[in-house]
Amino acid sequence: MSIFVIWLLFVPVYSHTPVPISRHDSLKQPVRELLNQYAQLSNRLDNKNQETQIREILKLFANPRVQVFNDLETEPASTELSVVGYFEKLLQLYPEGLKHSFTWNTLHLGKPVYDFGERYTVRAEVVKVLQSMPDQSMPPKVIKLAFDIGFYLRDGIPVDLKIMEISHSLSGDQWIHFSAAPMMTRFTNRPVSEDERMTLLWGVGYQSQIDFNQFFSEQWGVSAGLGYGSYQGGVVLDHFDAFLGMDPHFTDVHIITRLHYLALPVSLIFRSSWKGKFNLLAGVGLSGNIRLYETNYSSAKSDPGGNIYEFVYSEYDWVNQLSRIGLDIHASGGVGYQIGAHWMISLEISVNQGLFGLEHQREPNYSNLKYTGQFNPLFGEPDYTTRLFGWSTGVGISYRLLKD
């Protein structure tokens, strides 16, 4: 259910109105001509013809408030400017103008979609090369841009093409992502949770993880990584029953287990369209777990003395009852804040649920012995298995690897 909610929150909704045009046959050439005009007019701009040339450039845009990605600065205060603001900033930094050119073999058109009335839109992704004049200091910059272009159809022919937005295209890019978070964890077992004499305990664990993220579109990608974490949980039993006629007179019995794992997660990941500095993030996937080591602690209160005794249950080979390898399903969501073109910090929430039981052996006489302290009642139920569960809130940092 939680995965479905994440899907509804983060997946964009598109119109299913059919578009009576092929994205390649009659649209690619007009788009290329529009972008070529944009480059040529931009190349003629300098501080001597500013007003006239900006007016000519504005004719290529839907309106003067269209947002343009700020590729003029390495660490801009704002990643997006209005068209007018962009070219004013250009002349402020480079009074002699800049040379714009496109690498046409990188031009890719998305699927045209219906907008409203008789207007349609298409996204064109292309690599732009930005160079300064010889007497200016900016080194050549190569960046992949996404042009959202509106157009009308007349007798099946696209006409009146206008640029509606220019954003930084991140389709096909690669990221290294590191995250760390404390976790609230527990072991889940329905018969134990329904037993009036037992109480399942929450514990504090943690997880850290490094992932390689490969995006195959602006929004969707896959992730694989390596992580390390721990789960802690336990059970409280009201008192030990007598065993073989011997009553230890122990009450308030705590049996706490911590398991340390190496995690191998794979995920399908989603992000927002990177408009502005804030981004919505989500992911869902599977994680193979390899248990590295474990600790166990138990304590009880003596009755009637009230003294606390440690290590009060007698199972010596409890580790051998547990499986070494497990499999979890996980889902995550968060908000990221972009710092420049290559860095992002994020606040993330994740949920992990074990798919299989932890133990691989059962205690045939479980119902008679589960209160006696001969073994941990979490592990040994013949008809149910104990599984891991945890949720966390933590921070992450990402670095973009792929250059435009």
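Here, the structure is the one placed above.
Calculation notes
Residues numbered from 1 in each chain as written. Predicted model: local features only at pLDDT ≥ 70, side-chain atom pairs only at ≥ 80, totals over all residues. Heavy atoms only, no water. Helix = DSSP H or I, 4+ residues; strand = E, 2+ residues; numbered from the N terminus. Rg over C-alpha atoms; globule rule 2.2 N^0.38 Å. Buried < 20%, exposed > 50% of the residue type's maximum accessible area, 1.4 Å probe, protein only. Contact = heavy atoms within 4.5 Å. Areas by Shrake-Rupley, 256 points an atom, 1.4 Å probe, with all protein chains shown as cover. Lys, Arg positive; Asp, Glu negative; His and termini not counted. Charge placed at Lys NZ, Arg CZ, Asp CG, Glu CD. Pairing = 2+ DSSP bridges. Core = buried A, V, L, I, M, F, W, Y, C linked by side-chain atoms within 4.5 Å. Salt bridge = Lys/Arg side-chain N within 4 Å of Asp/Glu carboxyl O. Phe/Tyr/Trp six-rings, centres within 6.5 Å; stacked < 30°, edge-to-face > 60°. Polar contact = N/O pair within 3.5 Å; in protein donor to acceptor, adjacent residues only side chain to side chain.

1. What to know about the overall build of the chain
Assigned secondary structure in the chain consists of 6 helices and 16 strands. On C-alpha atoms alone, the chain measures out to a radius of gyration of 30 Å, which is more than a quarter above the 22 Å that the 2.2 N^0.38 rule sets for 404 residues. Principal-axis analysis of the C-alpha atoms gives the chain an extent of 100 × 50 × 30 Å. Counting across all 404 residues of the chain, residues that qualify as buried make up 45%. Counted over contacts in the chain with a minimum sequence separation of 6, partners at least 24 positions apart contribute 70%. If you sum the accessible surface of the chain, you get close to 20200 Å²; carbon and sulfur atoms cover 58% of it. Across the chain, the mean location of the 33 positive side-chain charges is 10 Å away from that of the 41 negative side-chain charges.

2. A word on the pairing of strand 7 (residues 157-168)
The pairing of strand 6 (residues 141-154) with strand 7 spans 9 bridges and is antiparallel. What sits directly across from phenylalanine 147, in strand 7, is isoleucine 166. Hairpin geometry of strand 6 and strand 7 is characterised by an intervening segment of 2 residues between the two adjacent antiparallel strands and by a positive phi of about 55 degrees at aspartate 155.

3. Some words on the nonpolar core
Counting 41 residues, the largest nonpolar core has Val31, Tyr38, Phe61, Phe87, Phe147 and Ile149 as its most contacted members. Within the residue set of this core, elements represented by two or more residues are helix 2 (28-43), helix 3 (50-58), strand 1 (67-69), helix 4 (83-93), strand 3 (98-109), strand 5 (119-132), strand 6 and strand 7. Not counting chain neighbours up to four residues away, the residues in contact with phenylalanine 87 comprise Tyr38, Ser42, Leu45, Ile54 and Ile57.

4. Details of the pattern of salt bridges
Across all of its chains, the model carries 13 salt bridges by this definition. A salt bridge links glutamate 56 to lysine 59; the shortest N-O distance between them is 3.1 Å. Between lysine 128 and aspartate 71 there is a salt bridge, and its shortest N-O distance comes to 2.9 Å. Taken together, the positions of lysine 128 in strand 5 and aspartate 71 in the loop between strand 1 and strand 2 (80-82) put the pair 57 residues apart, joining distant regions of the chain. One salt-bridge network, in which partners are shared between bridges, spans Asp173, Arg271 and Arg400.

5. Observations regarding the environment of glycine 205
On the secondary structure map, glycine 205 appears in strand 9 (residues 198-215). Taking C-alpha positions, glycine 205 is 57 Å from glutamine 29, a pair spaced 176 residues apart along the chain.

6. Describing the environment of isoleucine 339
You can see isoleucine 339 is positioned in strand 14 (residues 325-339). Linking isoleucine 339 and threonine 79, residues 260 residues apart in sequence, is a C-alpha distance of 9.5 Å. Filtering out sequence-adjacent residues up to four positions away, isoleucine 339 remains in contact with Glu75, Met344 and Ile345.

7. Structural notes on the pairing of strand 6
In terms of burial, strand 6 is largely enclosed, as 11 of its 14 residues are buried. Across 12 bridges, the pairing between strand 5 and strand 6 is antiparallel. When the sheet's bridge partners are listed, alanine 124 is paired in strand 6 with phenylalanine 147.

8. Some thoughts on the packing of aromatic side chains
Going through the model one piece at a time under the given rule, you end up with 20 aromatic pairs. When the centroid spacing of 6.0 Å and the interplanar angle of 70 degrees are considered together, the rings of tyrosine 38 and phenylalanine 61 count as edge-to-face. With a gap of 23 residues between them, tyrosine 38 in helix 2 and phenylalanine 61 in the loop between helix 3 and strand 1 connect regions that are remote in the sequence. In this pair, the class of tyrosine 38 matches that of phenylalanine 61, namely buried. With centroids separated by 5.3 Å and ring planes inclined at 50 degrees, the aromatic side chains of phenylalanine 102 and tryptophan 104 adopt a geometry described as tilted. By relative accessible area, phenylalanine 102 is classed as buried at 9%.

9. What about the environment of glutamate 125?
Among the structural elements, glutamate 125 can be located in strand 5. The exposure class assigned to glutamate 125 is buried, which follows from its relative accessible area of 10%. Residues glutamate 125 and isoleucine 329, spaced 204 residues apart in sequence, show a C-alpha to C-alpha distance of 35 Å. Sequence-distant contacts of glutamate 125, that is, excluding residues within four places in its chain, are made with Thr106, Leu107, His108, Lys144, Leu145, Ala146, Ser169, Ser171 and Glu218. At a separation of 3.2 Å, a polar atom in the side chain of glutamate 125 contacts the side chain of serine 169.

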